[in-house]
Amino acid sequence: MTLTLENLQKSYGPLTVLNRCSFSFADGRIYCLMAPSGSGKTTLFRILMGLEQADGGAVRSDLPSPRFSAVFQEDRLCETFSPVENLRLVLGKSVSREDIRRELSLLLPEESLSRPVSTLSGGMKRRTAVCRAMIAPSDAVILDEPFTGLDDETRRQVIAYIKSRQRGRLLIVSTHQEEDVALLDGELVRMEALTAAAPRSGSPL
């Protein structure tokens, strides 16, 4: 799936968050979006997923109704459910509990898989959210600061997992560390570059 931003604009009262942003995200690629906090990355992601409306411009896709899976800045898990039950909420009965446990065990210790999410550490919750986003049926995956709360070794483990589960989908990740770009084999995109003007695929329009 290809996504194209055309002069996207968004303001909250007098505060302009997105100012004529234009870019083309190509199918099957990994893009790493970098900018200081408060620069509009999360707003852009919400607009891409249809959770918020832009004030101007457009988002175009080569699919009529693209499906997104995501990791938000908040984990958005059901705290009283186990990691397995949280994943079954998005997968339904199409995937067995055994297969879900097997998938989660790539990122979490076995003993944590049946415990209520409320009893897990912040890093375990983050890994559950990442696993859910990567195995959910979707055409594109958006990960908003997915490595928050992870130590260096765990972050590398999660990055390897993400790459193994990309499966040809468009993947857009926001991160504050340039090292993540290299580990993901991704393309670095800085928010300020989205207002540049030379159109070509995979680069600012």
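See the structure printed just above.
It should be emphasised that the depicted structure is a prediction, and the values quoted were computed from it without experimental measurement.

Draft legend 1. Layout of the layout of surface pockets. The volume enclosed by the largest pocket comes to roughly 230 Å³. The wall of the largest pocket is formed by 18 residues, among which I47, L48, G50, A58 and V59 lie closest to the centre. Put simply, the parts of the chain that give the lining of the largest pocket at least two residues each are β1 (3-12), α1 (41-48) and β4 (56-61). Sorting elements by how many residues they give to the lining of the largest pocket places β4 first, with five residues. Its residues assigned to classes, the lining of the largest pocket comprises twelve nonpolar, four polar and two charged.

Draft legend 2. Representation of the sheet that holds β4. The strand order across the open sheet built from three strands is β2-β1-β4, with neighbouring strands paired in antiparallel fashion. Of all the strands in the sheet, just β2 (15-25) and β4 have a single pairing partner and so form its edges. Pairs of neighbouring strands in the sheet enclose a mean axial angle of 20°, with direction left out of account. Looking at chain direction, β1 and β4 are connected through five bridges and run antiparallel. In the sheet register, E6 faces β4, and the bridge partner there is A58. On the sheet, α1 packs against β1, β2 and β4 and is oriented at approximately 120° with respect to β1.

Draft legend 3. Here's a closer look at helix α3 (residues 97-104). Those residues of α3 that fall on the buried side of the exposure criterion are I100, E103 and L104. Buried residues along α3 cover an arc of 95° about the axis, so they all sit on one side. Facing away from the buried side of α3, by more than 90 degrees, are the exposed residues E98 and R102. Check the buried side of α3 and you find it contacts α2 (83-91), α4 (122-135) and α5 (152-164).

Draft legend 4. Structural detail: unusual backbone geometry. Although it is not a glycine, N7 adopts a positive phi angle of roughly 50°. Counting through the fold element by element, N7 comes out in strand β1. For N7, a relative accessible area of 32% gives the class partly exposed. The backbone phi angle of R167 is positive, close to 55°, even though this residue is not glycine. Residue position: R167 is located in the loop between α5 and β7 (170-174).

Draft legend 5. Quick look at the sheet that holds β7. Overall, parallel pairing links the five strands, which are arranged β5-β6-β7-β3-β8 in an open sheet. The sheet is open, and its two borders are formed by β5 (68-71) and β8 (187-190), each paired with just one other strand. The mean inter-strand angle of the sheet, taken between neighbouring strand axes irrespective of direction, is 20°. One ladder, built from four bridges, connects strand β3 (residues 30-34) with β7; its direction is parallel. Paired with I30 across the strands is L171, a residue of β7. Its contacts with the sheet put α4 on β5 and β6 (140-144), and the angle it makes with β5 is roughly 170°.

Draft legend 6. Geometry of α4. The terminal C-alpha atoms of α4 lie 20 Å apart, and with 14 residues this matches the ideal 20 Å at 1.5 Å per residue to within 8%. For α4, a buried count of 13 out of 14 residues is recorded, marking the element as mostly surrounded by other parts of the structure.

Rules used in this analysis
- Residues numbered from 1 in each chain as written.
- Predicted model: local features only at pLDDT ≥ 70, side-chain atom pairs only at ≥ 80, totals over all residues.
- Heavy atoms only, no water.
- 1 Å grid on protein atoms, 1.4 Å probe; cavity = no way out; pocket = protein on both sides within 12 Å on 5 of 7 lines; lining within 4 Å.
- Points joined across faces, edges and corners; volume = space filled by probe spheres on them.
- Helix = DSSP H or I, 4+ residues; strand = E, 2+ residues; numbered from the N terminus.
- Nonpolar A, V, L, I, M, F, W, Y, C, P; charged D, E, K, R; others polar.
- Pairing = 2+ DSSP bridges.
- Axes fitted to C-alpha atoms, helices over the stretch in contact; angles between N-to-C directions.
- Contact = heavy atoms within 4.5 Å.
- Buried < 20%, exposed > 50% of the residue type's maximum accessible area, 1.4 Å probe, protein only.
- Arc of directions from axis to C-beta.
- Expected span 1.5 Å × (residues − 1).

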